Amino acid sequence: MAEYGIDQSYRQGDQQQVVVKAVIAAVAGMSLLVLSGLTLAWTVIALAVATPLLMIFSPVLVPAAIVVLLLAAGFLASGGLGVAALAVLWWMYKDLTGKQPPGVELLEQVRQRLVSKARDIRESLQQQQQLHEATQ
């Protein structure tokens, strides 16, 4: 009976981890999509505002070059954020459907190292605290 309780609590922990992963990935993906959309919108607004002003108050070639560079930077930033968002959402989909997305093994190794280091630091601090208490 005790074994069943341990197994059941382990499964609930796995389910909680999946839910946490899904929420974090969804928030990250949606945040990147929102940033992509905002960047695109501000680039178009900047184009609409800057083009007439630059054409009226400056020679033609210099402002045109500046506008083209700013537009290129804006569209590249928007596209990059959009691609990043789609990559996060694709990774989340692969993880939630049970297919192993790329990088999972590396992430697991890093997580294990972090847990190990945290355990070592905690034990070291406990030993130092015990030594400090023993000397007082």
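Since the model is a prediction, treat every value here as computed from it, not as a measurement. Every chain's residues receive numbers from 1 upward, in the order its sequence appears when written. For a predicted model such as this one, the threshold for reporting local features is a pLDDT of at least 70, and the threshold for listing and counting side-chain atom pairs is 80 or more; totals across whole chains, interfaces and linings nevertheless cover every residue. Only hydrogens and water are set aside when side-chain values are computed; all heavy atoms of the structure are taken into account.

For the rest of this paragraph, the subject is the overall build of the chain. The helix count covers DSSP runs of H or I at least four residues long, the strand count covers runs of E at least two residues long, and both are numbered beginning at the N terminus. Looking only at helices and strands, the chain features three helices and zero strands. Looking at the chain as a whole, 11% of its 136 residues qualify as buried. Throughout, a residue-residue contact means that at least one pair of heavy atoms, one from each residue, lies within 4.5 Å. At a minimum sequence separation of 6, the contacts of the chain that also span at least 24 residues come to 73%. Burial classification: accessible surface area is computed with a 1.4 Å probe over protein chains only, and a residue below 20% of its type maximum counts as buried, one above 50% as exposed, and the rest as partly exposed.

In the numbering adopted here, UniProt assigns the feature "transmembrane region" (unreviewed entry) to residues 18-35 and 69-93. Spanning residues 18-35, this segment combines 100% helix with 0% strand, and its end C-alpha atoms are found 25 Å apart. Between the end C-alpha atoms of residues 69-93 there is a gap of 36 Å, over a span that is 100% helix and 0% strand. UniProt positions are given in the numbering used here, feature names are shortened, and annotations may be inferred rather than shown by experiment.

Let's shift gears to the pattern of salt bridges. Salt bridge, as used here, is a side-chain nitrogen of Lys or Arg placed within 4 Å of a carboxyl oxygen of Asp or Glu. In total, this model carries one salt bridge according to the counting rule given. Here arginine 111 ties to glutamate 108 by a salt bridge, and the two come within 2.7 Å at their closest N and O atoms. Residue arginine 111 and its partner glutamate 108 are both found in helix α3 (residues 104-135); the two are separated by three residues, about one turn of the helix. Taking relative accessible area as the criterion, arginine 111 reaches 41% and is therefore assigned partly exposed. We classify glutamate 108 as partly exposed; its relative accessible area is 36%.

Turning next to the side chain of serine 78. By the element assignment, serine 78 lies in helix α2 (residues 61-96). Residue class for serine 78 comes out buried when judged on its relative accessible area of 7%.

Right, let's get into a nonpolar patch on the surface. Patch definition: residues with relative accessible area over 30% and no salt bridge; like charges joined within 9 Å; nonpolar side chains (Val, Leu, Ile, Met, Phe, Trp, Tyr) joined within 5 Å. The method behind every accessible area is Shrake-Rupley, applied with a 1.4 Å probe, and residues are considered shielded solely by the protein chains displayed. Nonpolar side chains collect at one region of the surface, where Val34, Leu38, Trp42, Ile45, Val49 and Leu53 lie side by side and expose about 600 Å² of accessible area between them. With respect to the helices, strands and loops of the structure, tryptophan 42 is situated in helix α1 (residues 2-57).

In low-pLDDT regions, the fine details of the predicted coordinates are not to be read closely. The quantity known as pLDDT measures the predictor's confidence residue by residue, on a range of 0 to 100. Looking at the chain as a whole, its pLDDT mean stands at 81, while 88% of the residues score no less than 70. Per-element averaging of pLDDT across the chain places α1 at the bottom with 77 and α3 at the top with 87.

A separate point is α2. Along its 36 residues, α2 runs 52 Å from first to last C-alpha, staying within 8% of the 52 Å computed at 1.5 Å per residue. In the stretch just after α2, glycine 98 is the one whose phi turns positive, near 90 degrees. Here the expected span of a helix is defined as 1.5 Å times the quantity of residues minus one.

On to the side chain of serine 36, then. Along the chain, the position of serine 36 falls in helix α1. Among all residues touching serine 36, those that are not within four sequence positions of it are Ser78, Leu81 and Gly82.

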